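Each chain, letter by letter, is given below.
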Amino acid sequence: MIVLNRTFANHYTLGCTVREPNDWRLTNQEHYLKGVVLVWHRYSPASTSNDHDHCSFCWTKFMAGSVPETLQEGYSTVDREHWVCKTCYDDFADLFEWKGGCAT
Ligand SMILES: [Zn+2]
């Protein structure tokens, strides 16, 4: 039987994602994403001059409408300035101590 404890395992392979101790997706996001409230909702850009955003970690593209190979929903900060895809949310939630907000 395999016992997997997320607290002690920086590298784990069960499930579909793996976070490395120095994951390539980590680029000082703690300066603006540590401990913030992230809300799950449908993607809509923060301003009308912009039609897409990228995941703050893996750079997967978010777009409104059904565009192939883009995401239409995910987690964002309350002001919708920063977006995080579900995969990265799951991988980094414990590290960044995100707080859930109410979807609008
Ligand atoms: Zn991502």
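Quantities reported herein were computed from a predicted structural model and do not represent experimental measurements.

(A) A look at the overall build of the protein chain. From N to C terminus, the protein chain includes two helices and six strands. Element order for the protein chain, N to C, with α for helix and β for strand: α-β-β-β-β-β-α-β. Here the protein chain, with 104 residues, has 18% of them falling under the buried criterion. Long-range contacts, defined here as pairs at least 24 residues apart, represent 61% of the contacts in the protein chain between residues at least 6 apart.

(B) Quick peek at the sheet that holds strand β5 (residues 83-84). Judged by pairing direction, the sheet is mixed, and its four strands sit side by side in the order β5-β4-β1-β6 without closing on themselves. Bordering the open sheet on either side are β5 and β6 (99-100), each of which pairs with just one other strand. As paired strands, strand β4 (residues 73-77) and β5 are joined by two bridges and run antiparallel to one another. Within the sheet, the bridge partner assigned to Ser76 lies in β5 and is Trp83.

(C) A look at helix α2 (residues 86-96). Of all the positions in α2, only Cys88, Asp91, Phe92 and Phe96 are classed as buried. One face of α2 carries all of its buried residues, which in axial projection span an arc of 120°. If you follow the buried residues of α2, they end up packed against α1 (30-33) and β5. One or two positions beyond α2, positive phi appears at Glu97, with a value near 55°.

(D) Quick peek at unusual backbone geometry. At Glu69, a position not held by glycine, the phi torsion is positive, near 60°. Here Glu69 lies in the loop between β3 (61-63) and β4. A positive phi angle, close to 55°, is found at Glu97, a residue other than glycine. Relative to the helices and strands, Glu97 resides in the loop between α2 and β6. On the basis of neighbour counts, which here come to 12 C-beta atoms within 10 Å, the residue Glu97 falls in the exposed class.

What counts, and where the lines are drawn
Residues numbered from 1 in each chain as written. Predicted model: local features only at pLDDT ≥ 70, side-chain atom pairs only at ≥ 80, totals over all residues. Helix = DSSP H or I, 4+ residues; strand = E, 2+ residues; numbered from the N terminus. Buried ≥ 20, exposed ≤ 12 C-beta atoms within 10 Å, placed from the backbone. Contact = placed C-beta atoms within 7 Å. Pairing = 2+ DSSP bridges. Arc of directions from axis to C-beta.

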